[in-house]
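One letter stands for each residue in the lines below.
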Amino acid sequence: MTDERSATAAPVTGLRERKKRRTRNALLRAALLLFLSQGYERTTVDEITDAVHVSQRTFFRYFANKEEVVFALQELVESRFVAELHARPAAEGPFEALRGAALAAWDSVELALSEVVPVDLYMRSYRLIESTPALLAVHLRRSTELEERISRLIGAREGLDVDADPRPRVAVAAFCGVMRVTGRLWGQGEDTSVESIRRLTESYLDRIGPALTSSWRGSA
């Protein structure tokens, strides 16, 4: 009898979760399209829910506010990077692990994003953040929080106390600085593909060492 109830409950639970995921993704798509077409500040929650034909109550079941919608995909990308960093071989040095995790995340994130929204919509939403002062301020705050999280992860990998040894924070500050620069430059360009930001990221990360340790005179 117990087995029959379990067998019945499992498909129902799976169906319910798929429906919730579809609703959340639909709200994300509708919100981002509205933000991009008429601006973040001008878009209301009512307009988002009307586009999906759900109630405000349903919206707030998935998102605390509009800001959380904008950064939902950023959270997905950041989580993918942190997961890749956790998975890097222990023998890798700190910067090698950071570089490898960043490139591996870009290699795999397209599939993860495409399960939620069209990838192009995510890439365009990144530009929205960069061009909206209120969102950019939140982005910088979130970046600072992520930087501290990564610093502690690197410290743990190296067996260091980040509050006593500055090296993890210094390394991560340089790394995150490059990531911010490449994101901004990519956002100003015409190619919004994942491949373009990956190439730009790799190119800039490969120049950190020479930029910090070598003379620039006579070099291109």
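Okay, so let's go over this structure. As the structure is a prediction and not an experimental result, all values here were calculated from the model.

**A short note on helix 7 (residues 119-131)**
One turn of an α-helix holds 3.6 residues; hence residues three or four places apart share an orientation.
Next, step 1: For helix 7, with 13 residues, the first-to-last C-alpha span of 19 Å sits near the 18 Å given by 1.5 Å per residue.
Next, step 2: The complete set of buried residues in helix 7 reads Val119, Leu121, Tyr122, Met123, Ser125, Tyr126, Leu128 and Ile129.

**So, a positive patch on the surface**
Next, step 1: Together, Arg18, Lys19, Arg21 and Arg22 make up a positively charged patch on the protein surface.
Next, step 2: Mapping Lys19 onto the fold places it in helix 1 (residues 2-38).

**What about the pattern of salt bridges?**
Next, step 1: Within this structure, the stated rule accounts for 18 salt bridges.
Next, step 2: Put simply, Lys20 and Glu17 hold a salt bridge, and the shortest N to O gap is 3.6 Å. Linking Lys20 with Glu17, this pair stays in helix 1, spanning three residues, or about one helical turn.
Next, step 3: Between Arg99 and Asp206 there is a salt bridge whose closest N-O contact spans 2.7 Å. Of the two residues, Arg99 sits in helix 6 (residues 94-114) while Asp206 sits in the loop between helix 10 (194-205) and helix 11 (208-213), which places them 107 residues apart along the sequence.
Next, step 4: Judged by its relative accessible area of 24%, Arg99 falls in the partly exposed class.
Next, step 5: A relative accessible area of 39% places Asp206 in the partly exposed class.
Next, step 6: One continuous salt-bridge network, built from bridges that share partners, spans Arg99, Asp107, Arg198, Glu202 and Asp206.

**As for unusual backbone geometry**
Next, step 1: With a phi close to 65°, His53 is a non-glycine residue in the positive phi region.
Next, step 2: Position of His53 among the secondary structure elements: in the loop between helix 2 (45-52) and helix 3 (56-62).
Next, step 3: With a relative accessible area of 72%, His53 lands in the exposed category.

**A short note on the nonpolar core**
Next, step 1: Counting 38 residues, the largest nonpolar core has Leu28, Phe35, Phe63, Leu73 and Tyr122 as the members making the most contacts within it.
Next, step 2: Counting residues per element, this core draws most heavily on helix 1, which supplies eight residues.
Next, step 3: Apart from the residues lying within four places of it in its own chain, the contact partners of Leu73 are Leu28, Leu32, Leu113, Val116, Val117 and Tyr122.
Next, step 4: Counting residues in hydrophobic clusters, the runner-up holds 18 residues, among them Val82, Ala97, Cys176 and Leu205.

What counts and what doesn't
Chains are numbered independently. Their residues run from 1 in the order of the written sequence. For a predicted model such as this one, the threshold for reporting local features is a pLDDT of at least 70, and the threshold for listing and counting side-chain atom pairs is 80 or more; totals across whole chains, interfaces and linings nevertheless cover every residue. Working from all heavy atoms in the structure, the side-chain values ignore hydrogens and water. Secondary structure follows DSSP: runs of H or I at least 4 residues long count as helices, runs of E at least 2 residues long count as strands, and numbering of each begins at the N terminus. To estimate how far a helix should reach, multiply one less than its number of residues by 1.5 Å. We call a residue buried when its accessible area falls under 20% of the maximum for its residue type, exposed when it is over 50%, and partly exposed in between, using a 1.4 Å probe and counting protein chains only. For patch detection, residues must exceed 30% relative accessible area and be free of salt bridges, and they are connected within 9 Å for like charges or within 5 Å for nonpolar side chains (Val, Leu, Ile, Met, Phe, Trp, Tyr). Shrake-Rupley sampling with a 1.4 Å probe provides the accessible areas, and residues are treated as covered by the protein chains on show and by no other component. One speaks of a salt bridge when a side-chain nitrogen belonging to Lys or Arg is within 4 Å of a carboxyl oxygen belonging to Asp or Glu. Charge assignment: positive for Lys and Arg, negative for Asp and Glu; neither His nor the chain ends contribute. The atoms used to mark charge sites are NZ of Lys, CZ of Arg, CG of Asp and CD of Glu. Here the nonpolar core consists of buried residues drawn from Ala, Val, Leu, Ile, Met, Phe, Trp, Tyr and Cys, with membership extended through side-chain atoms lying within 4.5 Å. Every residue pair with non-hydrogen atoms within 4.5 Å of one another is taken to be in contact.

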